Amino acid sequence: MKPNILLFTADTLRCDKVGVYGCSKNLTPNIDAIAQNGKVFLNAYSTGPWTGPGFGSLFTSQYPSEIGYTIKKSKNKNEQGYFINKTAPFLTELLKRKKYVTACFQGNYGACSKETGFGRGFDIYEQSSSKKSLIQALLLRTYSSKLINKAKRFIKKNKNKNFFIWINLIEPHTPYIPFKYIHKTNFFSKDLFYAILKSNKIYLKPKRNPEISISDEDKQYIKYKYDLLVKTIDDYFGEIITHLTKLGLKQNTLIIFCSDHGEEFWDHGDNRFGVYDRGVDHGHTQYNELIKVPLIFYFPEHIKKGKSNILASLLDVTPTILELLGEKQNDKKLKGISLLPNLKNERKQQTKRILFSESVIYGTEKKAVFDGKQKLIHHIEEDIWEYYNLETDSAEKHPIRNKNLPIELKEALISFEKNSAKKSQENEKHASKDEELIKKRLKSLGYL
Ligand SMILES: [Zn+2]
């Protein structure tokens, strides 16, 4: 019998806020409970530091530049669109061939709307459709609970069919207003007002307002609110798992939990490379606090529980699902690998692998290459290279700049950059006339 598939994603969840990844604050008891009986990939990466690249690569198993989901802000203001190339393979279209009923409950309407290409192969794509809903989603954060209720109804209605469901909630994305916990903490109304002001001032526009000073106290406050949003997403995850259990569906459901990228909280300091780099938020660098993500698979009867240290990627999710459904993928377009042998403990050692990350949304383009032990970041326009030995400097705090670079990684990144530029040119042809609409949405979310 084919499994149901639940892809539950948190938008902007740092790896190190999840218990099974080492957080000791108990923010994620429901995620940890699933992880305990699932396979946890401790070294999993996104393909870029923000939503479009991360989820775009998850659904297509291609890099952002290959699918057209890149943003290039160069000195000549040459900008590209935010669309998934229609020729790219897309997970849900492949699942439709297997007769899956497919539904998405989408909390990030700005970056993952139907119009950006994420609606392909979905029978139902529930997304906010008015500015009011967007405000609800971001400020009052009531939209997530609506999405969860709709998702629960969908699961109940389709419990006798094979379904694929993608739930992407906006938490713990900014602004840092943990509405659900207002009454459960000492978060009284004055504090709420303060939070809204602060979130708007400090979070929504800090990159474009370099004169705003963020005190140490503000920084602590922001981190605390983020933690409460992490608890919120875990609560919603728990609600869906309980629902699956009550309906008797949990055993035959492949559950995948991940995020699209992380979040920086001044891990690399403040004011490093100009106004777009204030040390907070996401989309602006290729450091691990932004591109390392939680990735957990749960399907007890078919996979072995445990933790894996192999280098994994969001690119691998689609090939893994397809192989689990009996489809060995030979499509060269897919850049990920199937993790099924790792899920079954059949593959003990990983063959050498290198991964790339690209497509920053703020500042000039930076691309990265890494093999788990070493990492190179290239600031393309400035032609600055940063090299990190991850075995001795896992926090990437001590860059070696421009000299003694590992030649193999450097050549691989140069070749990737050339290919990216070529693909980007090709993809410009696919940019649809919806571009302005999508830019408006990204702007309304604070991305542009
Ligand atoms: Zn995101």
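Quantities reported herein were computed from a predicted structural model and do not represent experimental measurements.

Time to look at the overall build of the chain. Secondary structure assignment for the chain yields 13 helices and 15 strands. Here the chain holds 448 residues, and the buried ones make up 48% of them. Contacts in the chain between residues far apart in sequence, at least 24 positions, make up 68% of those at least 6 positions apart.

Another aspect to go through is helix α2 (residues 51–60). The element α2 is largely enclosed, with a buried count of 10 among its 10 residues. Inspection of α2 places Thr 51, Gly 52, Pro 53, Gly 54, Phe 55, Gly 56, Ser 57, Leu 58, Phe 59 and Thr 60 among the buried residues, and these make up the whole buried set. Contacts from the buried residues of α2 go to α3 (64–67), α4 (91–97) and α10 (317–324).

Here eight strands make up an open sheet; going across it, the order is β4-β3-β5-β1-β6-β9-β2-β10 and the pairing mixed. The open sheet is flanked by β4 (124–127) and β10 (306–313), the only strands paired with a single partner. Ignoring strand direction, the axes of neighbouring strands in this sheet form an average angle of 15°. Note: strand β1 (residues 4–10) against strand β5 (residues 163–169), six bridges, orientation parallel. The residue of β5 that forms the bridge with Ile 5 is Phe 164. The strands that helix α6 (residues 143–157) touches are β3 (101–106), β4 and β5; relative to β5, the one it contacts most, it runs at about 175°.

The subject of this paragraph is the nonpolar core. Soluble globular proteins tend to bury their nonpolar side chains together. Ala 151, Ile 165, Ile 167, Ile 240, Ile 255 and Phe 257 are the most contacted members of the largest nonpolar core, which totals 100 residues. For this core, the element with the most residues is helix α8 (residues 216–246), which contributes 11 residues.

Moving on, we get to the packing of α6 against α8. Closest axis-to-axis distance for the α6/α8 pair is 11 Å, and the angle between their directions is 15°. Of the possible angle classes, the one that applies to α6 and α8 is roughly parallel. The handedness of the crossing between α6 and α8 comes out as right-handed. Facing α6, whose interface residues are Ser 144, Ile 148, Ala 151, Lys 152 and Ile 155, α8 presents Tyr 236, Glu 239, Ile 240, His 243 and Leu 244. The class makeup of the residues in the contact of α6 with α8 is six nonpolar, two polar and two charged.

Cis geometry is adopted by the peptide bond preceding Pro 172, which originates at Glu 171 and carries an omega value of 0°. One non-glycine residue, Lys 99, lies in the positive phi region at around 70°. With respect to the helices and strands, Lys 99 occurs in the loop between α4 and β3. Taking the C-beta count within 10 Å as the criterion, Lys 99 has 9 such neighbours and is therefore assigned exposed. Backbone geometry places Glu 396, a non-glycine residue, at a positive phi of 55°.

Another aspect to go through is the confidence of the model for the chain. The predicted model of the chain averages 85 in pLDDT, with 80% of residues at 70 or higher. Scored below 50 in pLDDT, residues 72–81 shows 18 contacts in the model against residues more than four places distant or in partner chains. A low-confidence stretch, residues 184–188 (pLDDT under 50), is modelled with three contacts involving residues beyond four sequence positions or located in other chains.

In this fold, Lys 352 is placed in the loop between α11 (340–343) and β11 (355–357). Note on Lys 352: 9 C-beta atoms within 10 Å, which makes it exposed. Sequence separation between Lys 352 and Gly 372 is 20 residues, and the spatial gap between their C-alpha atoms is 9.5 Å.

Sheet strands pair via backbone hydrogen bonds, and the direction of the pair is either parallel or antiparallel. One open sheet holds the five strands; their spatial order is β11-β12-β13-β14-β15, and the pairing between them is antiparallel. Each edge of the sheet is formed by a strand with only one pairing partner; in this case those strands are β11 and β15 (400–401). Note that β11 and strand β12 (residues 366–370) share three bridges and pair antiparallel. Pairing of Phe 356 across the sheet is with Val 369, part of β12.

By secondary structure assignment, the location of Phe 257 is in strand β6 (residues 253–259). Placed 249 residues apart in sequence, Phe 257 and Phe 8 show a C-alpha to C-alpha distance of 5.0 Å. If we skip the residues at most four places from it in the chain, Phe 257 touches Phe 8, Ile 31, Ile 34, Phe 237, Pro 294 and Ile 296.

With that settled, consider the packing of helix α1 (residues 29–36) against α8. Two elements in contact, α1 and α8, have axes separated by 7 Å at closest approach and are oriented at 55°. Here α8 runs oblique to α1, going by the angle between their axes. Here α1 contributes Pro 29, Asn 30, Ile 31 and Ile 34 to the contact with α8, which in turn contributes Asp 234, Phe 237, Gly 238 and Ile 241. For the contact of α1 with α8, the class distribution of residues is five nonpolar, two polar and one charged.

Successive residues of a regular strand alternate their side chains across the two faces of the sheet. By the criterion of burial, β12 is predominantly enclosed, with five of the five residues buried. Both faces of β12 are covered, namely the face carrying Lys 366, Ala 368 and Phe 370 and the face carrying Lys 367 and Val 369. Pairing between β12 and strand β13 (residues 374–379): five bridges, direction antiparallel. Within β13, the residue paired with Lys 367 across the bridge is His 378.

So, about the pairing of β1. The element β1 is largely enclosed, with a buried count of seven among its seven residues. Because side chains alternate across β1, one face comprises the buried residues Asn 4, Leu 6, Phe 8 and Ala 10, and the other comprises Ile 5, Leu 7 and Thr 9, equally buried.

For α6, which comprises 15 residues, the first-to-last C-alpha distance of 21 Å matches the rise-based estimate of 21 Å (1.5 Å per residue) to within 8%. Turning to α6, its buried residues are Tyr 143, Ser 144, Leu 147, Ile 148, Ala 151, Phe 154 and Ile 155. Projected down its long axis, α6 shows its buried positions confined to an angular sector of 135°, all on one face. Exposed side of α6, more than 90 degrees from the buried face: Asn 149, Arg 153, Lys 156 and Lys 157 are the residues found there.

Criteria and thresholds
Residues numbered from 1 in each chain as written. Predicted model: local features only at pLDDT ≥ 70, side-chain atom pairs only at ≥ 80, totals over all residues. Helix = DSSP H or I, 4+ residues; strand = E, 2+ residues; numbered from the N terminus. Buried ≥ 20, exposed ≤ 12 C-beta atoms within 10 Å, placed from the backbone. Contact = placed C-beta atoms within 7 Å. Pairing = 2+ DSSP bridges. Axes fitted to C-alpha atoms, helices over the stretch in contact; angles between N-to-C directions. Core = buried A, V, L, I, M, F, W, Y, C linked by C-beta atoms within 7 Å. Parallel < 35°, antiparallel > 145°, perpendicular 65-115°, else oblique. Left-handed = near helix turned anticlockwise from the far one by under 90°. Nonpolar A, V, L, I, M, F, W, Y, C, P; charged D, E, K, R; others polar. pLDDT = per-residue confidence, 0-100. Expected span 1.5 Å × (residues − 1). Arc of directions from axis to C-beta.

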